[in-house]
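Okay, here's what each chain looks like letter by letter:
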Amino acid sequence: MPQKHRHREYIGYRVYSAQRALYRSLEVGLAPFNLTPGQWNALNQLEEHGAMTQKQLAERLQKEPATIARSIERLVQRGLVKRAPSRSDRRANIVEVTPAASSLLSEIEPAVSRRHEQIAEGISESNLDTFFDVLEQVEANAQRLLAERGQHRA
C-alpha cells in the first residue's frame, strides 16, 4: 500500500494555507480603500522607517525590485508616494510617503484593527503570545537554513 502524503502535517503547508486565507481577508478589508495588501505594507514600511531607495524597500518587503517598482508607480499616480532621484546614486530612486498616504493609513487603521480582532476571536492573549513566539522561531529556523545555503534574503 502506498504511503500517504503528509504535507498537511508540515509547518510550511499550514503557515502557507493560513497566510493565503489571511491575505484574502486583508484584500477584502482593504478593497474599500483601493489598496492591495502589498501596497498597504509598502506604505506602512515607508511611514515607519522614512524615505528609502526602492531597492531598500524591496529588501524590507522581501519582494523583487521589479514588483516594487510597479507598485510604487501606482502609488505615485495616486499621490500617496513621492519618488525622486537619489543625490548620492543617480541609478537609485528615493521614495517616501506623502501627507495623503499618512492620512489614508490613519483612516485604514480602525478597519484593519477590527479585522485583526475578528481573526483573533476566541484566541487568548496567552495563546497569541505563544503563537507569535513559535512563528518567530519558525522564521529564524527557516532563515538559518537559507543562510547556511547562501540564500539569505532578509
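Our structure's up above, just so we're on the same page.
Residues numbered from 1 in each chain as written. Predicted model: local features only at pLDDT ≥ 70, side-chain atom pairs only at ≥ 80, totals over all residues. Heavy atoms only, no water.

J.: Just give me the short version of the packing of helix α1 (residues 11–30) against helix α5 (residues 99–119), but keep the residues and values in it.
T.: Helix packing for two helices is described by the angle between their axes and how far apart those axes are. Running from N to C, α1 and α5 cross one another at 145 degrees; their axes reach a closest spacing of 10 Å. When you trace α1 past α5, the crossing you get is right-handed. Along the contact surface, α1 presents Leu22, Ser25, Leu26, Val28, Gly29 and Leu30, while α5 presents Ile108, Val112, Arg115 and Ile119. Split by residue class, the contact of α1 with α5 holds seven nonpolar, two polar and one charged. (Axes fitted to C-alpha atoms, helices over the stretch in contact; angles between N-to-C directions. Helix = DSSP H or I, 4+ residues; strand = E, 2+ residues; numbered from the N terminus. Left-handed = near helix turned anticlockwise from the far one by under 90°. Contact = heavy atoms within 4.5 Å. Nonpolar A, V, L, I, M, F, W, Y, C, P; charged D, E, K, R; others polar.)

J.: Pulling in residues and values, what's your account of the sheet that holds strand β3 (residues 93–97)?
T.: Hydrogen bonds between backbone groups are what pair the strands of a sheet, and the pairing can be parallel or antiparallel. Read from one edge to the other, the open sheet built from three strands follows the order β1-β3-β2, with strand pairing classed as antiparallel. Only two strands of the sheet have a single partner each, and these edge strands are β1 (52–53) and β2 (81–85). Bridge analysis of β2 against β3 gives five bridges, and the strand direction is antiparallel. Bridged to Arg83 within β3 is Val95. (Pairing = 2+ DSSP bridges.)

J.: Account for the packing of aromatic side chains, naming residues and giving values.
T.: On inspection of all chains with the given rule, the structure shows one aromatic pair. Judged by centre distance (5.8 Å) and plane angle (50 degrees), the rings of Phe131 and Phe132 are tilted. Residue Phe132 is classed as partly exposed on the basis of its relative accessible area, which comes to 40%. (Phe/Tyr/Trp six-rings, centres within 6.5 Å; stacked < 30°, edge-to-face > 60°. Buried < 20%, exposed > 50% of the residue type's maximum accessible area, 1.4 Å probe, protein only.)

J.: Tell me about the pairing of β3, and name the residues and values.
T.: Bridging between β1 and β3 involves two bridges; their strand directions are antiparallel. Each residue of the ladder has a partner; that of Met52, found in β3, is Val95.

J.: Lay out the layout of surface pockets with the relevant residues and their values.
T.: Its boundaries defined by the atoms lining it, the largest pocket holds a volume of some 2,000 Å³. For the lining of the largest pocket, the elements supplying multiple residues, two or more each, are α1, α2 (37–49), α4 (65–77), α5 and α6 (125–148). Element by element, the count of residues in the lining of the largest pocket is highest for α6, at eleven residues. Tallied by class, the residues present in the lining of the largest pocket amount to 24 nonpolar, ten polar and eight charged. (1 Å grid on protein atoms, 1.4 Å probe; cavity = no way out; pocket = protein on both sides within 12 Å on 5 of 7 lines; lining within 4 Å. Points joined across faces, edges and corners; volume = space filled by probe spheres on them.)

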